Amino acid sequence: MSDLKPEEDKRRLFLVIADDTPDALMRVLGVANVQQTRLRALTAQPDGAGLSIRLELDDQGDERAQTLAARLSACPSVRGVGFGWR
């Protein structure tokens, strides 16, 4: 039995650290929306003086993931972005 997931089940996990401001989550979601991602799971919680946001998205390839990470990094109030496979 293979541990590999079918292509349609592959997901990317993005971890975003942002300032804990009233609009930080909406700004991050706005970037994801403009990039036409398909959101599968979302968690956001205060983390010290910041906000930790976890986005689980359908995989759209390495290039799209890198573009999304770059655009999230450029978003006001975002302090850091990391991504990988779920």
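Residues numbered from 1 in each chain as written. Predicted model: local features only at pLDDT ≥ 70, side-chain atom pairs only at ≥ 80, totals over all residues. Heavy atoms only, no water.

*Asks:* When you look at helix H2 (residues 62-73) in this model, what are you seeing that I'm missing?
*Replies:* In an α-helix, one turn spans 3.6 residues; hence positions three or four apart end up facing the same way. Relative to the 16 Å expected for twelve residues at 1.5 Å per residue, H2 spans 16 Å between its end C-alpha atoms, a close match to the ideal helical length. Listing the buried residues of H2 in full gives Ala65, Leu68, Ala69 and Leu72. For H2, the buried positions fall inside an angular range of 100° around the axis, keeping them on one side. The inward-facing, buried residues of H2 contact strand S1 (11-19), helix H1 (24-34), strand S3 (50-58) and strand S4 (78-85). (Helix = DSSP H or I, 4+ residues; strand = E, 2+ residues; numbered from the N terminus. Expected span 1.5 Å × (residues − 1). Buried < 20%, exposed > 50% of the residue type's maximum accessible area, 1.4 Å probe, protein only. Arc of directions from axis to C-beta. Contact = heavy atoms within 4.5 Å.)

*Asks:* Explanation requested: the side chain of Glu56 in the structure shown.
*Replies:* Within the secondary structure, Glu56 is located in strand S3. Residue classification places Glu56 among the buried residues on the basis of a relative accessible area of 5%. Here Arg11 takes part through its side chain, which lies 2.8 Å from a polar atom of the side chain of Glu56. When near neighbours in sequence (up to four residues on either side) are disregarded, Glu56 contacts Arg11, Arg12, Arg38, Leu39, Arg40, Ala41 and Arg86. (Polar contact = N/O pair within 3.5 Å; in protein donor to acceptor, adjacent residues only side chain to side chain.)

*Asks:* How do you make sense of the environment of Thr67 when you look at a structure like this?
*Replies:* Looking at where Thr67 falls in the secondary structure, it is placed in helix H2. Residue class for Thr67 comes out partly exposed when judged on its relative accessible area of 28%. C-alpha of Thr67 to C-alpha of Gln35: the two residues are 32 residues apart in sequence and 8.7 Å apart in space.

*Asks:* Could you clarify how one ought to interpret the sheet that holds S4 in this entry?
*Replies:* Two strands in a sheet stick together by hydrogen bonds in their backbones, pointing the same way (parallel) or opposite ways (antiparallel). A sheet is described by the order of its strands in space; here four strands give the open sequence S2-S3-S1-S4, paired in antiparallel fashion. Each edge of the sheet is formed by a strand with only one pairing partner; in this case those strands are strand S2 (39-47) and S4. Taking each pair of neighbouring strands and ignoring which way they run, the sheet shows an average axis angle of 15°. Relative to the sheet, H1 contacts S1, S2, S3 and S4, its axis offset from that of S3 by approximately 25°. (Pairing = 2+ DSSP bridges. Axes fitted to C-alpha atoms, helices over the stretch in contact; angles between N-to-C directions.)

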